[in-house]
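Per-entry structural report
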Amino acid sequence: MKIKAKIFGGFLTIIILLFAGAFITVFQFVKLNHNNRQLLDENKQYSSAMYNVNESLNLYNDGVLSLLTDTDRQAVELISKADSLYNHFVIISKELYKTEDEKILLKDFNEDFQKFRQYWVASFFKTHDLQFYLSTKEPEFKILRSSLSRLMLVFQNKLLGDSEALYEHFKRALTPGIVTIIASLLLILMFNMMFNRYYINPLSRLTDAVNKFHYKRSFKVEIETDDEIGKLAKSIEELTKLIKK
Amino acid sequence: MRFPVIIRFIGIIILINAIFLFVSSLFSMYYNETSLIPLLFTAIITTVFGIFPIILVPKQDDLSAFEGMTIVVGGWITTGIVGALPYFMWGGEFTFVNAFFESVSGYTTTGASILTDIEVLPNGLLFWRASTHFIGGVGVILFALVILPMSTGSKMVLFNFEISNMAKDNLRYRTRYAMQVILYVYVALGLVETILLWAGGMPLFDSVCHSFATISTGGFATKNASIAYYDSFYIEGVIVVFMFLSGVHFGLLFETFRLKRNNIFTSPVVQYYFFGLLIVSVLIALKLWISSDQPILSALRDSVFQTVSIGTSTGFATTDTNIWPVFTQFLLIFLSFQCACAGSTTSGIKVDRMLVMFKSIRQQIKQLQHPNSVSVVKIKNFVVSNDILNRIGVFVFLYFVILGISTMLISLFDIDLMTSFSASLATLSNVGPGFSMVGSVSNYNALPDAVKMILSVDMLLGRLEVFGFISLFFIKSWK
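Residues numbered from 1 in each chain as written. Chains lettered and ligands numbered in written order. Predicted model: local features only at pLDDT ≥ 70, side-chain atom pairs only at ≥ 80, totals over all residues. Heavy atoms only, no water.

Attention shifts here to the overall build of chain A. Helices and strands together make up the secondary structure of chain A, namely five helices and zero strands. The order of α-helices and β-strands along chain A, N terminus first, is α-α-α-α-α. By the compact-globule yardstick of 18 Å for 245 residues, chain A is too spread out, its C-alpha radius of gyration being 40 Å. Counting only C-alpha atoms and orienting by the principal axes, one finds that chain A spans roughly 130 × 25 × 25 Å. Across the 245 residues in chain A, those meeting the buried criterion constitute 38%. Considering only intrachain contacts with a sequence separation of at least 6, the fraction spanning at least 24 residues in chain A is 73%. Here chain A has roughly 15,100 Å² of accessible surface; of this, 62% comes from carbon and sulfur atoms. In chain A, 33 positive and 29 negative side-chain charges are present, and the distance between their average locations comes to 16 Å. (Helix = DSSP H or I, 4+ residues; strand = E, 2+ residues; numbered from the N terminus. Rg over C-alpha atoms; globule rule 2.2 N^0.38 Å. Buried < 20%, exposed > 50% of the residue type's maximum accessible area, 1.4 Å probe, protein only. Contact = heavy atoms within 4.5 Å. Areas by Shrake-Rupley, 256 points an atom, 1.4 Å probe, with all protein chains shown as cover. Lys, Arg positive; Asp, Glu negative; His and termini not counted. Charge placed at Lys NZ, Arg CZ, Asp CG, Glu CD.)

Written as structure tokens, this is what we have:
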């Protein structure tokens, strides 16, 4: 193989490695960015869903208190606002809770919520029975709160799992880059060592041998390669033989 | 010493790994797994590092003995690092030390794992894990030499350091032919076992992985419960037969297949190996039957599997030997020292050496009784010279010295004696499972990183038959 082809081959392998490393690193980081954005969006949606459901519960409470103080119109407004917030929560939560287990939990919560609303908000509208309200509010509210806590816990665990997966992904994205840098450095060192041994040193030996020929009248040099340097050495040897004649 | 020439040979060795890495990445691609990029990228790196010195360094036909030795040892260490890259890049439980341990364990066919949950690994990585056994089993170097056309001189030097001296003595073929025989037997055993396991109801993917792990006497399974997962008498039976065959001298297996006179039925070494395993299996089964309320047939099934698994240095498990009686554990420890025949893929002291040593005890006693008589140690018609006896003695002594040093170093980390000793033994003999913390159904994950590195060195020492590795670091003149 010619020296030019060898050097080109050497550089080509380094370039292939760098290109592969860079491509994989960029590809992984783009994917990571996408996953990160998805996680942030989910987190945002979750915050929004939780805000809606909490606010909706507070508004129902306010609505009932308004009824007690005989301001029916304000109470209706508050409760319809609470209904709208709850409906918003229902839409968002459908996208957040995707697995079968999560869907069951969400369904349980929604049933508890409907029960809670029917049982004392709607009933109280009809009856205005303060005693009934006070005796049923606490236990119903507790059931609903614990149902909501379970729902929150599921999502928090999911977020935690997603964050860990993101960290794993980050490591996976970073390692090819580090490995490429180390591998390229090693290849460059090897290139330097091999280039010195098979191309620079033979040239120095050849120069020394030619210089020695001036006074020793003998030309002897060992070249391991069969490339241009090897051919040059052979040609010089032939030339020295001619000169000696 | 010519470093570029050494790098050129190591480059060829790691190119073999690149082929298996590409195949593993095809599995990842097929199953659409997260291991695709780690496997593919490592395949690219290994190809680049393999081709680079081939382009720049001219072909060399002559190798000095020391260069040959450096290539073999360097080849094992380099492949260990290369094999760790896919694990490390994939992440999970694999820190760099864990990945290196798993990789060295794979190549040296030890089968000791750091994984607490094997089943979370993608199929691509599981195949790569089994491939390291397959490559390591026949010896990375040997593999490269058969496939790549090189001069006979270079091959001889590399072959001398790769193959155990005992195996070479028995193999009486020309080097090239001997290497081909090893490879033919290896691949044939693997193919037949895969078909038999598949026919027994094991999925094809698992059959290939388990067959790689059996014929290389490695022991990496694809399930957390190892072979116990399948709970099949047929599958256990097939694996027992192939574990046993993989422990026999491959040259003898080849001769048996060709219906030659020098076969496994006439070899005293194989007879000792077979009856040794049989007696130990029966003794363990009886002890289990007497000590517990386990029925005799079930005890026999467990004892045969575990005895052959440990006795051939494979390390598959069907039961937890940690809860077995001490007597049975002692027998398994003895088998971990002995392992199987030279010329197979096993490590340890080897049956051949044990047989010579037992026979030399008888010869020494005879010599004491009749000081003027001339007695020799004979294996079949082959007279074992004093020179060989001395070498075996030194080897066994060195083996125990290394075992002692390793146990001592591990106990420095406040690890109990049984764990320290059995982990050292299981890695030095390339068996895999030990006792206590590293039992047959446990793993090496809980051990400190420094201990994992000590055990990795043990595995390499065991695989290279101690001398190859040590002489490289204690040689006086670096030419």
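Read on for the rest.
All names here are of chain A. Counted according to the given criterion, the structure contains 10 salt bridges over all chains. Of the charged contacts, one joins Glu-168 and Lys-171 as a salt bridge, the two residues approaching to 3.8 Å between their closest N and O atoms. In this pair, Glu-168 and Lys-171 both sit in helix H4 (residues 130–216), three residues apart, roughly one turn of the helix. The exposure class of Glu-168 is buried, given its relative accessible area of 18%. Judged by its relative accessible area of 32%, Lys-171 falls in the partly exposed class. In this structure, Arg-172 and Glu-168 form a salt bridge, with 3.7 Å as the shortest nitrogen-oxygen distance. Placement of the pair is Arg-172 and Glu-168 together in helix H4, with a separation of four residues, close to one helical turn. Exposure class is identical for Arg-172 and Glu-168. Each is buried. Salt bridges sharing partners connect three or more residues here, namely Glu-168, Lys-171 and Arg-172. (Salt bridge = Lys/Arg side-chain N within 4 Å of Asp/Glu carboxyl O.)

Bringing the environment of Ala84(B) into the picture now. Residues and elements named next belong to chain B. You can see Ala-84 is positioned in helix H3 (residues 65–90). Assessed through its relative accessible area of 0%, Ala-84 is described here as buried. The spatial distance from the C-alpha of Ala-84 to the C-alpha of Lys-452 is 14 Å, given a sequence separation of 368 residues.

The next point concerns the confidence of the model for chain B. All names here are of chain B. Averaged over every residue, the pLDDT of chain B is 86; residues scoring 70 or more account for 90%. Scored below 50 in pLDDT, residues 147–152 shows nine contacts in the model against residues more than four places distant or in partner chains. Complex prediction metrics read pTM 0.84 and ipTM 0.79. (pLDDT = per-residue confidence, 0-100.)

The grouping of Lys2(A), Lys4(A), Lys231(A) and Lys234(A) at the surface amounts to a positive patch. On the secondary structure map, Lys231(A) appears in helix H5 (residues 228–244). (Patch = residues over 30% accessible without salt bridge, like charges linked within 9 Å, V, L, I, M, F, W, Y side chains within 5 Å.)

On to the packing of aromatic side chains. Residues and elements named next belong to chain B. Counting across every chain of the model gives 36 aromatic pairs over all chains. Aromatic side chains Phe-127 and Phe-212 sit 5.9 Å apart centroid to centroid with 50° between the ring planes, which places their arrangement in the tilted category. Of this pair, Phe-127 sits in helix H5 (residues 123–138) while Phe-212 sits in helix H10 (residues 204–215), placing them 85 residues apart in sequence. Considered together, Phe-127 and Phe-212 belong to a single accessibility category, that of buried residues. Every member of this aromatic cluster is reached through a ring pair, and the members are Phe-20, Phe-27, Tyr-30, Tyr-31, Phe-127, Phe-134, Tyr-186, Phe-205, Phe-212 and Phe-250. Here the guanidinium or amino end of Arg-129 rests over the ring plane of Phe-220, the centre of that ring lying 3.9 Å away. Geometry around Tyr-229 places Lys-223 over its ring, the cationic atom sitting 5.0 Å from the centre. (Phe/Tyr/Trp six-rings, centres within 6.5 Å; stacked < 30°, edge-to-face > 60°. Lys NZ or Arg CZ within 6 Å of the ring centre and 35° of its normal.)

Residues and elements named next belong to chain B. With respect to the secondary-structure elements, Ser-216 resides in the loop between H10 and helix H11 (233–246). Taking the relative accessible area as the measure of exposure, Ser-216 reaches 0% and is therefore buried. Residues contacting Ser-216, with those up to four places away along its chain left out, are Thr-109, His-133, Phe-134, Gly-137, Tyr-186 and Thr-345.

Here we come to the packing of helix H17 (residues 386–411) of chain B against helix H19 (residues 449–463) of chain B. Residue and element names in this part refer to chain B. The geometry of H17 relative to H19 is characterised by a closest axis approach of 10 Å and an angle of 170° between their N-to-C directions. By the angle between their directions, the pair H17 and H19 is classed as roughly antiparallel. The segment H17 lies against H19, with Ile-402, Ser-406, Leu-409 and Ile-410 engaging Val-451, Ile-454, Leu-455, Asp-458 and Leu-461. (Axes fitted to C-alpha atoms, helices over the stretch in contact; angles between N-to-C directions. Parallel < 35°, antiparallel > 145°, perpendicular 65-115°, else oblique.)

With that out of the way, let us pick up unusual backbone geometry. All names here are of chain B. Of note, Cys-339 is a non-glycine position whose phi angle comes to about 55°, a positive value. Judged by relative accessible area, Cys-339 falls into the buried class, the value being 1%. We note that Ser-436 has phi near 60°; this positive angle belongs to a residue other than glycine. Here Ser-436 shows up in the loop between helix H18 (417–428) and H19.

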